[in-house]
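Single-letter residue listing:
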Protein chains: 2
Amino acid sequence: MSFLRGSTNYVWCTTSVLGKGATGAVFQGVNKNTGEQVAVKTFNQLSHMRPHDVQLREFEVLKKVKHENIVKLLAIEEEQEGRGKVIVMELCTGGSLFNILDDPENTYGLREEEFLLVLEHLTAGMKHLRDNSLVHRDLKPGNIMKFVRDDGTTVYKLTDFGAARELEEDQQFMSLYGTEEYLHPDMYERAVLRKPVGKTFGATVDLWSIGVTLYHVATGNLPFRPYGGRRNKETMYYITTKKASGVISGTQSSENGPIDWCRTLPDSCRLSDGLKKFVTPLLAGLLEVDALKIWTFDKFFAEVTETLSRRLLHVYNIHKVRSVRIYVHPEDTYRNLRELIREQCDVSPDDQIILFNDKHLLETVDENTSCKNYPQTEENNPIMLFSNENNNVTISVENDVPKLPTFSNLVDVENDASVAKTICSIGHVCKWRVETLSLASKLTHDSVRTFAYVVKDELTRVLAKTSRLIEMTKCVEKTVDSVMRAQKTVHSMLGVKTTSSSNNWKEEMETVSQELFHGLSPAIKQLCLRYVTHNTLTKEWEKNTNGCKCCWQTKAPQRARSSVQKLRESWQHMIRDRATRNLTYNDNQFHVLERMKMDVIGTSLIKSLLEREVISSITQIADYLADWYKMAQTIYLQGKILDRDADVYSQRLDKFLKNMEDCDTAFHDDLVNVGLIKPIPRHGGRIKGQDMRLRTSIREIHSVQDEINSLLNGNSQLVNQFKTISEKISADCNKH
Amino acid sequence: MSFLRGSTNYVWCTTSVLGKGATGAVFQGVNKNTGEQVAVKTFNQLSHMRPHDVQLREFEVLKKVKHENIVKLLAIEEEQEGRGKVIVMELCTGGSLFNILDDPENTYGLREEEFLLVLEHLTAGMKHLRDNSLVHRDLKPGNIMKFVRDDGTTVYKLTDFGAARELEEDQQFMSLYGTEEYLHPDMYERAVLRKPVGKTFGATVDLWSIGVTLYHVATGNLPFRPYGGRRNKETMYYITTKKASGVISGTQSSENGPIDWCRTLPDSCRLSDGLKKFVTPLLAGLLEVDALKIWTFDKFFAEVTETLSRRLLHVYNIHKVRSVRIYVHPEDTYRNLRELIREQCDVSPDDQIILFNDKHLLETVDENTSCKNYPQTEENNPIMLFSNENNNVTISVENDVPKLPTFSNLVDVENDASVAKTICSIGHVCKWRVETLSLASKLTHDSVRTFAYVVKDELTRVLAKTSRLIEMTKCVEKTVDSVMRAQKTVHSMLGVKTTSSSNNWKEEMETVSQELFHGLSPAIKQLCLRYVTHNTLTKEWEKNTNGCKCCWQTKAPQRARSSVQKLRESWQHMIRDRATRNLTYNDNQFHVLERMKMDVIGTSLIKSLLEREVISSITQIADYLADWYKMAQTIYLQGKILDRDADVYSQRLDKFLKNMEDCDTAFHDDLVNVGLIKPIPRHGGRIKGQDMRLRTSIREIHSVQDEINSLLNGNSQLVNQFKTISEKISADCNKH
């Protein structure tokens, strides 16, 4: 018997099964003309027994839908030898979400990026159905396919419209489809419990299925789990219908035991807290049995759109040695970001030092920049968060890796394969821990480097500012000297003693500049010498962490990955053994070797790599970080203080200069007023009587000057008179 | 018959062959106690017929060597059922270099990083042999194994010491081993041509084999290729023995045709020019038939060590839209780097603008920093090179991808597999082109961003400098005003007209400051407004390249990789078909489909992706870059000029201030000299007669002052005399 079958343009091999369902199977095939790979859905006898319109419905629906997130229909052809119609669709090489969730990698749910893709694509596909007034009625992970594009990116696509039908707005449908765990409670009651219910099922039943699917994708588990699973139908119905609003899971862990209700996602879920914040209410809105409370499709769509429009900012919180993910609204600004950081990192906005790419984030964006225009952050190039106020570092390493199961003494292919899969799941958990902690180790080193760099930069900037102030001060000093000398000259010419006012300026200048020359400048120079030239912060860190290898550097994540890869290979070996069922003696020997290998590798992964190497190293690094930051933060704050001091000094210098000018202007004005000199055209500047003391002493000078002035007045005339007179007198005397 | 065999601690399956040789085979096995995977070498009948000491030699050699780059001996055990000794070694999962070179990915040689690993590890392994006075005598790609560490890194290791023996220093050996293409000509003559030669074979025969191996690894081809290959033994001998020194390859491309000698590596070789520079002389030194000219082992080891100690710096040359690799000596400094850049990029050192991480490289390192302390560059984060002088951009896209072969009309599994492999080779070439050009496209965008950033940074810096100069200038102006007013006051008191000298200062100050206020400051402000605030450079680039998608962004490399992956899958399919030999009708149908797929994918890869998409896009981007850089370079230079102007201005201001002070001091000194005022303690500063004109005019004032002075001298006395006299006269007059 040949396994090859075909239609006009396609061939497929019945050995390449992609999936099997109640009404038929899907095979991998190729286009005879182009070699293009496709999926071919064939129908079995049972399917042909359905009413003709039901059979046609799937074709009709498929022809109607056309969307990136719905598996594309390529052709409907007649199979050779009159076996009936086949549906040819694009091939989704990634398999279904059911297969993906079944992989031990996803025992605790998909990772965040993948979860978001499912959320986005599932929602977009649903939107398209909704826009075409269609209900799917059989949404579940098995009907969501992973399509891998040529560029390696993933698209999830809805498939299997065997249960779908058109739905006029508000029209309800009575026929029953669906896969029980994903069914809306009302449909479940009718279909599984086989109770005749008078209820009609709105299109929102799809929403419930999406809720169950998303919970499954997020956690790796179904949300509602009666003890004993599927067979415990009454409890299942009880859980789904009696659950309170806001509850997103109900688990029964013993026969007839109580239900453990939960309003949050489990700790084992791989989604970040930042995302859980948005996903939890979404799940609660969908897993709502009360018809009046369950979200409408529009609400669902709007909420998902809002969540997906958010922008992910990676933040590394050094105080907890932990990466966090912050989903900001695109229009959020710095203020909002700081609030969101406070929420997740417990550092109050005023205390946050927020660095990015070796700078303050505010050097790259400003207070009002929308987050949508923020630079791209990456998991290993995040925003770094430090606290101004707190210099503690506390790391909490969850060491709750599930215990490794052991193989039974005797070989049991069925049980061994299952144990092997569990070991793989645990291996994956270990691997993530190793990855997370190693990344934290790398980011700790990076953050130290960044902080040291920023401190150096700030100190250099303050030093430059101080140098500039020194130049300015010298210039002002020269002005003081000139003015003082000029006034002294005037006094000297007037023959009066220079009053204290001029010396006051000089002294005041010295008082002012002393702060710069004896305080600010040497202080910043010393800091710069130590922390810029000698690079002490970086050196201290390097010296302290010298003996402690960074597990990122020692490639711990790669080693963890390679261990998990080996575990998976052994697991695959056991799956093959399970399929063989009866092992030969040799096969048995190799089977035992694989079990041994898994024990050795699994234990070494948890005990040696994760616990003895990675956890102990990151704990030590956290200790070093705490010590180092105590010092670094002090230097940072010293720099800040000197910076502020420089600004205060700069203002004081300005004020001093202004005062002195005013006084000098007043002095000259007075000289003009008393008629000693002609007015000098004034160069802009009203006179403010700020230094009254100086003004007063100048007044005193002037009263003396007035006297001298009256003496000098008409001097030449007197001299001339005197000459004439003295000549006269001389003549007179000579006469005598 | 069972395929399972074993020794005390190991089992292996004779179906898992890793390699086969003349004296035995190597299988993959496992340790029965730990599950550890190993390689087990067993010996065949032929091997047992060798003299006993020869048989023992391999064990002895293996026990003696212990090095990271030599395959580790785990155990020598007796095989069960008295089959003789087996050698248990660590398993090298990457296979041999022979297998690696046989992959279509490596048809044109290994990529640079991998080549360097082979060079390093092969040399280190050889060094260890040499240190233990051992010759390998059968060095060839098949005896160099790739070991993949748990962390994913690669180690190459020497294996197969079946031909090795101990060699006392300078001892020669006469026995013959080796694989003919890699044999030293003398050994070739004896072993292949079977001529009795009186020559003795020094340990340097290993060096020749290393030369041939390295050429093979670098290019994917043997260096000496007679037409017809191996069978043309006389020509082979002719080529190797008659080649001139410095020639590293000789190829005969027709029966009895001429030999095409070559002293350089072929263009198809994937090594960079930067590395070829060191590899070519190395090959020439090893592939040297003249016993007096061939490198000694010490020379070889020293040269390799020197080459490997060099540090790779990635440089992106925007003028050729091309990445280059520069291997610097660790002690090289900036000057050497610039020379090496000139060598490869054709931009003279003085014209080079060298940027890295959005800064001038010289902001990160200084002129004397050793290159070993330079920051890490990456292929996609290179040093960016721009020219100060030249603003041309010329891209030369090699579009010499070999033509795709076509499958014969009839299915021929042998030929088809071979054609499929060639298509894969070409696919890989295309993929590299796409990767290289897409990276160039990304780096072009990056370099534009970097350059724009640096320009903004410089302009901002110049603006800050200018602002500071404005502050300084205002301060100096105030000093001028004060001094001028003071002198005027003195003049006014002296009742003399203020001479032109004071006004000259004022005017000169205005002349000086005009340059700042009317030239420098508005110019830099305008530039800043346009290029910092309005970000015009970036915007212009974005506007111009708006319609042209960057092939890095459109994931062209990922798509090329996925095409090549598909080609490889089809090739693998054909290899399976070749192994099957007789295809069923169905198999034949699928075989034809695979051929079709390869045609479609191969053509689309070359025509659509590489030519129509990637090459046309990068060509367009190069045009945009040329236009953009013409503008950007102008702004850059304007910034530089304004910066220099600011420095010149700053110096001029200093000089002006100094002059003025000197003059003022001289003025006051003169006042003291003429006795008008008492000396004022001087505040440091010798007087330089710089402004003679001013001094002269002051002298003029003083001569007038002298007159006034003599008039004023004894003034009070005169007045008193006058009073006395006038009273007397009055009295006299009254008497009269």
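Refer to the preceding data block for the structure.
Scoring rules and cut-offs
- Residues numbered from 1 in each chain as written.
- Chains lettered and ligands numbered in written order.
- Predicted model: local features only at pLDDT ≥ 70, side-chain atom pairs only at ≥ 80, totals over all residues.
- Heavy atoms only, no water.
- Buried < 20%, exposed > 50% of the residue type's maximum accessible area, 1.4 Å probe, protein only.
- Helix = DSSP H or I, 4+ residues; strand = E, 2+ residues; numbered from the N terminus.
- Pairing = 2+ DSSP bridges.
- Axes fitted to C-alpha atoms, helices over the stretch in contact; angles between N-to-C directions.
- Contact = heavy atoms within 4.5 Å.
- Polar contact = N/O pair within 3.5 Å; in protein donor to acceptor, adjacent residues only side chain to side chain.
- Core = buried A, V, L, I, M, F, W, Y, C linked by side-chain atoms within 4.5 Å.

## A closer look at the pairing of strand E14 (residues 311–317) of chain B
Residues and elements named next belong to chain B.
- E14 sits mainly inside the fold: six of its seven residues count as buried.
- With three bridges connecting them, E14 and strand E18 (residues 383–387) associate as parallel partners. By the bridge assignment, Asn317 is partnered in E18 with Leu385.

## Let's talk about the sheet that holds strand E1 (residues 4–6) of chain B
Residue and element names in this part refer to chain B.
- If you walk across this open sheet you meet the six strands as E1-E2-E3-E4-E6-E5, and the pairing is antiparallel. The open sheet has two edge strands with one neighbour each: E1 and strand E5 (73–78). Along the sheet, successive strands turn relative to each other by an average axial angle of 40 degrees, direction set aside.
- Inspection of the sheet shows E5 paired to strand E6 (residues 85–90) by five bridges, in the antiparallel sense. Within E6, the position partnered with Leu73 by the bridge is Met89.

## With respect to the environment of Thr603 of chain A
Residues and elements named next belong to chain A.
- Mapped onto the secondary structure, Thr603 falls in helix H16 (residues 585–673).
- On the accessibility criterion, Thr603 (39% relative accessible area) is partly exposed.
- Sequence separation between Thr603 and Trp432 is 171 residues; the distance between their C-alpha atoms is 16 Å.
- With residues near it in sequence (within four places) discarded, Thr603 still touches Leu404, Met598 and Ser608.
- Only 2.6 Å separates the side chain of Thr603 from the backbone oxygen of Asp599, close enough to count as a polar contact.

## Section: the nonpolar core
- The biggest cluster of nonpolar side chains holds 166 residues, and the ones touching the most others in it are Phe451, Met598 and Trp628 of chain A together with Phe451, Met598 and Trp628 of chain B.
- Per-element tally for this core: the top contributor is helix H12 (residues 413–494) of chain B, with 28 residues.
- Among residues more than four places away in sequence, those in contact with Met598 of chain A are Phe407, Ala420, Ile423, Cys424, Leu567, Ser570, Trp571, Met574 and Thr603 of chain A.
- Counting residues in hydrophobic clusters, the runner-up holds 66 residues, among them Phe115, Ile144, Ile248 and Leu286 of chain A.

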